[in-house]
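Here are the chains, one letter per residue:
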Amino acid sequence: MPIRINQKWILLGLASSLYFLACRQGETVLPSEEVWYAREIPYFPPKNIPSDNQLTPERIALGKALFFDPILSRDSSLSCASCHKQEFAFADNKTKTPGIANRPGTRNVPVLFNLVYQDRFLREGSLPTLEMQVLVPIQEHNEFDFNIVDIADKLKLIPFYDSLAKLAYNREPDPFVITRSISAFERTLISADSKYDQVRLGKTKFNQTEELGYSLFKTFCASCHTEPLFTNHQNANNGLYVHYNDPGRYRFTKIPKDSGSFKIPSLRNIAFTAPYMHNGSLKDLDAVILHYNMGGQHGPNQDGRVQALNLNPTQKAALKAFLLTLSDYSFLNDPNFKP
Ligand code: HEC
Ligand code: HEC
């Protein structure tokens, strides 16, 4: 079975390269706006693409094949997509998804989209590049428990990967190629087609309830979950606990006030990504709204912006209705992101 997939990919990879080479020779290269992965969203910030890893069809195809290939895990049982599922905006619907041999996960699986606009990764925001992040699941005992050098040795023996790596980066499928190509694929995961976006583009309007929810959102939530990405990419302690079992950013900085501080997640596609928070402890949006309405648990590091809101039932329902306008069904069904 994997062999059949591989052959299909070789053909696709070769065909697309030949096509692009042909275009270049005939000087009929498509203007970059027309290439799906180069799409710019007019109200989004600039993309963050490293100069040594510009996006090309071959790099994206290679990264996508690796993202869906269980060859990355020690016992070939899991791929990145086992935890990051398109139907849940590349998060999962479990509290904590286990790794190989059913080893328990430590945190709730985060979404993967609009990563090209970010420069801090993991729940505590401790890693500066996607390329570095790829190494984390590969090595973690409770994820793939493997070694990137061993993976590279396996990939070199597979003609599909060997030839596509050469087309994509002009080298063997080594750790450079593995980390770069997976990151290239991840940078194409752009979600910007929700009702909210349609409203922004003037193609539709919010109903009255959504409009009320939007104004409550702007008053109480947007300083952290900032438009248009619905995160300001900072960290905060949102008052989930007085004492956190997971120290969050403290794990990385050892600064006491960082205890319980986590990266502020995007709220785009929030309808699909329950359960919520770094540990998946809040089961649905009603539980989240209840948490913020009560103003958190008032631990020592709680951010001052999280305070009791005293919303009435109509206002709570409106806030939820607004959050549901952030659902992007075309992202969930985009064939570019399917194996
Ligand atoms: C066993 C489940 C599991 C597997 C398999 C897995 N991940 Fe993750 N992923 C997670 C969890 C949990 C986190 C949060 C980790 C943390 O914050 O410490 C995460 C975080 C991430 C992040 C950071 C997202 C952000 O916004 O900061 C990226 C990117 C990512 N994973 C990509 C991948 C890639 C690529 C693979 C395959 C090479 C992969 N993951 C495999 C569970 C998994
Ligand atoms: C002080 C900054 C701050 C404010 C204000 C804030 N949040 Fe958050 N929010 C966070 C942080 C940090 C997290 C992640 C906490 C964690 O992982 O444990 C979060 C998580 C969430 C989540 C879960 C996301 C996920 O993928 O798990 C939702 C939903 C959410 N907030 C909604 C809201 C709403 C609605 C408001 C306004 C009523 C709001 N937030 C106000 C910082 C904030």
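Peer 1: Tell me what's going on with the overall build of the chain, and back it up with residues and numbers.
Peer 2: Across its full length, the chain carries 13 helices and 2 strands. Dimensions along the principal axes, computed over C-alpha positions, put the chain at roughly 60 × 45 × 35 Å. Counting every atom, the chain has about 16300 Å² of accessible surface; 56% of that belongs to carbon and sulfur. Between the centroid of the 37 positive side chains of the chain and the centroid of its 34 negative side chains there is a distance of 3 Å.

Peer 1: How would you explain the nonpolar core if you had to name every residue and give the values?
Peer 2: L62, L66, L72, Y161, I178 and F331 are the most contacted members of the largest nonpolar core, which has 48 residues in total. In this view, L72 contacts L66, C80, F144, F146, I151 and I182; residues no more than four positions away in its chain are not counted.

Peer 1: Describe helix 7 (residues 175-187), naming the residues involved and giving the relevant values.
Peer 2: The terminal C-alpha atoms of helix 7 lie 18 Å apart, and with 13 residues this matches the ideal 18 Å at 1.5 Å per residue to within 8%. Across the 13 residues that make up helix 7, a large majority, 11, are buried. Regarding helix 7, the residues found buried are V177, I178, T179, R180, S181, I182, S183, A184, F185, E186 and R187. Buried residues belonging to helix 7 abut helix 2 (57-67), helix 4 (130-139), helix 5 (148-156) and helix 6 (159-169).

Peer 1: How would you sum up the domain arrangement of the chain? Please name residues and give values.
Peer 2: Here the chain is described as being made up of domain 1 (2-190) and domain 2 (195-331). Between domain 1 and domain 2, the residue contacts involve 31 residues of the former and 28 residues of the latter. Buried surface at the junction of domain 1 and domain 2, both sides included, amounts to about 2500 Å², of which 55% is carbon and sulfur. Along the contact surface separating domain 1 from domain 2 lie 2 salt bridges. Where R251 meets E124, a salt bridge forms, and the shortest distance between an N and an O atom there is 2.8 Å.

Peer 1: Residue-level account of the site of ligand 1, with values.
Peer 2: If you check the shell around ligand 1, you find 27 residues, and the closest are C80, C83, H84, R123 and K263. Taking H84, its side chain carries an N or O atom lying 2.9 Å from a nitrogen atom of ligand 1. Elements with a contribution of two residues or more to the shell around ligand 1: helix 3 (80-83), helix 4 and helix 7. Counting residues per element, the shell around ligand 1 draws most heavily on helix 4, at 3 residues. Among the residues making up the shell around ligand 1, the classes are represented as 14 nonpolar, 7 polar and 6 charged.

Peer 1: Hey, could you go over the coordination of the iron atom of ligand 1 for me, with residue numbers and the actual values?
Peer 2: Its sole protein donor being H84 (NE2), the iron atom of ligand 1 sits 2.1 Å from that atom. Along the chain, the position of H84 falls in the loop between helix 3 and helix 4.

Peer 1: Give a description of the coordination of the iron atom of ligand 2 that names residues and reports values.
Peer 2: Those donors, H225 (NE2) and Y292 (OH), are the protein atoms that reach the iron atom of ligand 2, and they lie 2.0 to 2.1 Å from it. Of note is the iron atom of ligand 2, whose 6 donor atoms meet at the metal with angles of 83 to 179° in an arrangement that counts as octahedral. Taken as a pair, H225 in the loop between helix 9 (208-220) and strand 1 (235-236) and Y292 in helix 11 (residues 285-294) lie far apart in primary sequence, 67 residues in all.

Peer 1: Please give an account of the environment of K338 that cites residues and values.
Peer 2: Its place among the elements puts K338 in the segment after helix 13 (329-333). Separated by 120 residues in the primary sequence, K338 and K218 have C-alpha atoms spaced 34 Å apart. The contacts of K338, once residues within four sequence positions are left out, are K64, F68, Q86, L332 and N333. There is a polar contact of 3.3 Å between the side chain of K338 and the side chain of Q86.

Peer 1: Describe the environment of R39, listing the residues and the values that go with them.
Peer 2: Secondary-structure assignment places R39 in the loop between helix 1 (2-25) and helix 2. Accessibility expressed as a relative area gives 38% for R39, which makes it partly exposed. In this structure the C-alpha to C-alpha distance between R39 and I190, which are 151 residues apart in sequence, comes to 8.9 Å.

Cut-offs and rules
Residues numbered from 1 in each chain as written. Chains lettered and ligands numbered in written order. Predicted model: local features only at pLDDT ≥ 70, side-chain atom pairs only at ≥ 80, totals over all residues. Heavy atoms only, no water. Helix = DSSP H or I, 4+ residues; strand = E, 2+ residues; numbered from the N terminus. Areas by Shrake-Rupley, 256 points an atom, 1.4 Å probe, with all protein chains shown as cover. Lys, Arg positive; Asp, Glu negative; His and termini not counted. Charge placed at Lys NZ, Arg CZ, Asp CG, Glu CD. Core = buried A, V, L, I, M, F, W, Y, C linked by side-chain atoms within 4.5 Å. Buried < 20%, exposed > 50% of the residue type's maximum accessible area, 1.4 Å probe, protein only. Contact = heavy atoms within 4.5 Å. Expected span 1.5 Å × (residues − 1). Domains from an automatic or database assignment. Buried area = accessible area lost by both parts, 1.4 Å probe. Salt bridge = Lys/Arg side-chain N within 4 Å of Asp/Glu carboxyl O. Near = heavy atom within 4 Å. Polar contact = N/O pair within 3.5 Å; in protein donor to acceptor, adjacent residues only side chain to side chain. Nonpolar A, V, L, I, M, F, W, Y, C, P; charged D, E, K, R; others polar. Donors = N, O, S within 2.8 Å, 3.2 Å for Na, K, Ca; no water. Tetrahedral: all angles 85-135°; square planar, octahedral: opposite > 155°, others 65-115°.

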